[in-house]
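So you can see what is in the structure, the chains are spelled out below.
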Amino acid sequence: MKLKDIAVCLDVKAQIPDVDIKWLLTDSRTLSFPAESLFFAIETKRNDGHNYIAELYRQQLRFFVIEKYLPEFETLSDAVFLKVDNVLEALQKVAICKRNKLIMPVVGITGSNGKTIVKEWLFQLLQPDFSIVRSPRSYNSQIGVPLSVWGLQDFTQLGIFEAGISQLGEMEKLQPIIQPSLGIFTTLGDAHQENFHSLKQKCEEKLKLFKDSKVLVYCSDNKLVDIAVVQSGFKGIVFSWGFNENAVLRIVEKQKNENNTKLTLAFENTKFDIIIPFTDEASVENAIHCVSVMLNMGMTSSTIAGRIALLEPVAMRLEVKAGVRNCLVINDSYNSDLNSLAIALDFLNQQAEAKKLQRTLILSDIFQSGQSPEDLYRTVADLIKNKNIDRFIGIGRQVSSFAPAFEGIKASFFDAMDDFLKVFSVLDFQNEVVLLKGARSFHFEDISGKLELIAHETTLEVNLNALVENLNYFRSKLKPETKVMSMVKAFAYGSGSVEVARTLQHQRCDYLAVAVADEGAELRREGIRIPIIVMNPEAHAFGVMFDNNLEPEIYSFRLLKTFIKEAASQGITDYPIHIKIDSGMHRLGFEWKDIEELTGILLSQNQVKVRSVFSHLAGADETRFDDFTHQQIDTFTRCADRITDAFPHKILRHILNSAGIERFSEYQFDMVRLGIGHYGISSLPEVKLKQVCALKTIVLQLKNIKAGETVGYSRNGKVEKDKRIAIIPVGYADGFDRKLGNGAGEVYINGKRAKVIGNVSMDLTTVDVTGIDVNEGDAVEVFGDNITITEVAGWLKTIPYEILTSISRRVKRVYYQE
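Quick summary incoming for the structure in this document. This structure is a prediction, so every number in the text was calculated from the model and none was measured. What you see as residue numbers is a count from 1 along each chain, following the sequence as written. In view of the model being predicted, local features appear only for residues whose pLDDT reaches at least 70, and side-chain atom pairs are presented and counted only at 80 or more, with totals across whole chains, interfaces and linings using the full set of residues. The side-chain values count all of the structure's non-hydrogen atoms but skip hydrogen atoms and water molecules.

Here we take up the sheet that holds strand 25 (residues 575–581). Read across the open sheet, the eight strands follow the order 27-26-25-24-23-22-21-28; overall the sheet is parallel. Strand pairing shows two members of the sheet lacking a second neighbour, strand 27 (652–654) and strand 28 (671–674), which therefore form its edges. Ignoring strand direction, the axes of neighbouring strands in this sheet form an average angle of 30 degrees. Each pair of strands is called paired provided DSSP finds at least two bridges between the two strands. Here a helix means four or more residues in a row that DSSP labels H or I, a strand means two or more in a row labelled E, and each is numbered from the N terminus. Bridge count for strand 25 against strand 26 (residues 608–615) is seven bridges, and the pairing is parallel. Within the sheet, the bridge partner assigned to Lys580 lies in strand 26 and is Phe614. To obtain an axis, a line is fitted to C-alpha atoms, over the contacting stretch when the element is a helix, and the angle between two such axes runs from 0 to 180 degrees between their N-to-C directions.

Here it is as structure tokens:
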């Protein structure tokens, strides 16, 4: 789209150069093609895109959409600014202008769950027939949707986009951007319920996506959705499915087998069978949505059955795994197109910069792009150059035939996977991040299996997207100017401090806090640059703190004087410190009676400078302590006032923890401290945060035990009737508490809960799987989405903090982005 046309779309009157814009940016960190990019300087509560324009200008970007003109822009002599009233609305308007010019079928998907799976399965199923553009990953927000729709081209034959909302009024903005000709309503659940009065209200808001659609697919077994569709006045064709007699596509029979689900379906007086290669209810529902779309498109039942039987799981995440010879492996081989490649390369760069590793991309042929091969691989080569990839390996006849386009890049090419595997050696890979990006038919799992380290079968999965989503939930409670300190002490509550800190730094968190200096030093070695507070500074580690710019919490006169003395001995002045006030919790900290002496000492020297003054709430998560919480805040305010009044410089104040942010946000002062809230724990029962951590393992062995026999040490697992048991490789050395033995704890296997039988051993636990369809090698959830950390804590009569921090270091942490 021409920049001139974009200016007309936005009603901007200015002298506009005749250039083509191919890329829209909202994140300054994702710049790849400056000459063809337009940056939208979106201002949010926490950030302002205008602050990154000068940096982007230095990177040769020249085209910007802004809503305010800063003085520094005067020096950007050849920059082109399109000034609008609201940049986000301008982004959406540009996407609408582009969508209006293109006539093609578009599938729009909304619902509480399953949007991304349905979208990706439709792509798998329809790719043989159409050139498809779809939302990258979960780009379904007010920003993500216009960026997704921008990817439509003149040669696109089908668009598939998902739309997510979290409050009233949002879907009306997304509908004209997507303009779906066929709509899918997946499910209705509790996700993002906090901003709606009822499920019915949320359902009505979501249905606004389909106001002009020709066809609407949904499950009519959900009566609330069925009624809402009727009341919405939908004027198109209703394609309902379900068990009820009135459904357009009726489920006649459902048979769940060991590894698949067989359905007998009735459509237009004809019955046919399909076999879905999944057994969980969510996957079955998602597959039926896809069957409904294919029937509506006129596909035969035999074609549909053949393709459904070949459905593959959707990798919903960019997963980072430890590799051989100090490598990291990023497996993104479920998705091979230009948009997803650009996203994955940004993730690769983020990992490589943090670890100081080389960058390697292994890429297969890209199918069904809609572009000519020449244009496609020339763009791929340019993208690789702009992302500073050190080594490129192309696999496939098509990419190999365009090897000259990759001139200037260290590259090698192979016509087929077998050709690559014949010469493959792990010795060829060392100290690098390897991104695997391939079409399914190339079986890149053969490469990942060789590059990844063999790890303990019990893993703690850490969802970095959920971490960020929870961070943004708490940020929504704050004023734009309020800073956030994130607690990453105790190995980031067991989730792994380095990766968590790196993600928080990427999200522009203001401060990090660790327990001891060594934790902070490790973060510095891993490239963490933002300020770090040490909550328990030890005298022997002062040197480490000075060397790594770590800022101490000062809670006593002895510590203060010792630290000042050490700073003086090294000729250090104005070193930032943080004063801890004991406002009633009676752990560490200065009391009211100490404040006058404290300020006197601080004013009499220049070795240290107070950066903040803070305190800790004892019971902010419990209403029965609300009076005491207010008493603590009053005490803290008096002490903080006395200290801050004594100094001319700005001193930050902070007292709120995660629970305090939710329940006492009026006392947010200058900064808040976010800890357990990062990991999905809320003090408000109605708030359902994202689970960040999931402890998972597998079934090692299955056994049938006769009545009268026993299981485990001390013969505590008494079997009163015949049972089937599963042995799983997790024990108290991994953090699975011994108190969970003998029926006190449960795990989740194939959609059902299984109680622990017998004692928990050091490395193994046995669970009762009688009546559960389970095989050796099946996945087991110890805690996660189905068994929450809070529930496990309840079994042990403890708190979620202890559950998370008890997970052993020997348990492999696997980090991923959805």
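The next point concerns the nonpolar core. We call a set of buried Ala, Val, Leu, Ile, Met, Phe, Trp, Tyr and Cys residues a nonpolar core when their side-chain atoms join them within 4.5 Å. Note on classification: 1.4 Å probe, protein chains only; a residue is buried when its accessible area is under 20% of the maximum for its type, exposed when over 50%, partly exposed between these limits. By size, the foremost hydrophobic cluster in this structure holds 115 residues, and its most contacted members are Leu512 and Ile579. Note on contacts: a residue pair is in contact if any heavy atoms of the two residues lie within 4.5 Å. When neighbours within four sequence positions are excluded, Leu512 is seen to be in contact with Met485, Ser486, Val488, Ala501, Leu504, Leu523, Ile528, Ile530, Pro531, Ile532 and Ile533. In terms of nonpolar packing, the next biggest core, distinct from the first, is built from 43 residues, Ile276, Val284, Ala287 and Ala305 among them.

One turn of an α-helix holds 3.6 residues; hence residues three or four places apart share an orientation. To estimate the expected span of a helix, subtract one from its residue number and multiply by 1.5 Å. Here helix 21 (residues 557–569) is 13 residues long and its end C-alpha atoms lie 18 Å apart, about the 18 Å a rise of 1.5 Å per residue gives. For helix 21, every residue scored as buried is listed here: Phe557, Leu559, Leu560, Phe563, Ile564 and Ala567. Along helix 21, the residues classed as buried sweep out an arc of 160 degrees about the axis, all on the same side. The outward face of helix 21, more than 90 degrees from its buried face, is lined by the exposed residues Arg558, Lys565 and Ser569. Looking at the buried side of helix 21, the elements it contacts are helix 20 (542–547), strand 24 (550–554), strand 25, helix 22 (595–603) and strand 26. Immediately downstream of helix 21, the backbone of Gly571 shows phi near 70 degrees, a positive value. By definition, the arc is the one covered by directions from the helix axis to the C-beta atoms.

Attention shifts here to unusual backbone geometry. Phi is positive for Asn269, close to 65 degrees, though the residue is something other than glycine. Its location among the elements puts Asn269 in the loop between strand 12 (261–267) and strand 13 (270–276). Given the relative accessible area of 86%, Asn269 is considered exposed. The phi torsion at His443 lies on the positive side, around 55 degrees, for a residue other than glycine. The residue His443 is located in the loop between strand 19 (432–437) and helix 15 (445–451) in this model. On the basis of relative accessibility, which here comes to 42%, the residue His443 falls in the partly exposed class.

Across the sheet, four strands lie side by side as 1-2-3-4; this open sheet has parallel pairing. On the outer flanks of this sheet lie strand 1 (23–25) and strand 4 (80–83), each paired with one strand and no other. The average angle at which neighbouring strand axes cross in this sheet is 25 degrees, direction not considered. Of the pairings in the sheet, the one linking strand 2 (residues 37–40) to strand 3 (residues 63–66) comprises two bridges and is parallel in character. By the bridge assignment, Phe39 is partnered in strand 3 with Phe64. Lying on the sheet, helix 3 (residues 87–100) is in contact with strand 1, strand 2 and strand 3; it crosses strand 2 at an angle near 140 degrees.

Inspection of the secondary structure puts Ala7 in helix 1 (residues 3–9). Look past the residues within four positions of Ala7 in its chain and what remains in contact with it is Val12, Ile16 and Leu82.

With that settled, consider helix 3. In a regular helix each residue adds 1.5 Å, so 14 residues correspond to 20 Å; helix 3 covers 20 Å between its end C-alpha atoms and thus fits that length. Within the sequence span of helix 3, burial applies to Val87, Ala90, Leu91, Gln92, Val94, Ala95, Lys98 and Arg99. Any pair of nitrogen or oxygen atoms within 3.5 Å is treated as a polar contact; in protein, a donor-acceptor pairing is required on top of that, and neighbouring residues in sequence qualify only through side-chain atoms on both sides. For helix 3, the capping residue at the N-terminal end is Asn86, with a side-chain oxygen 3.1 Å from the backbone nitrogen of Leu88.

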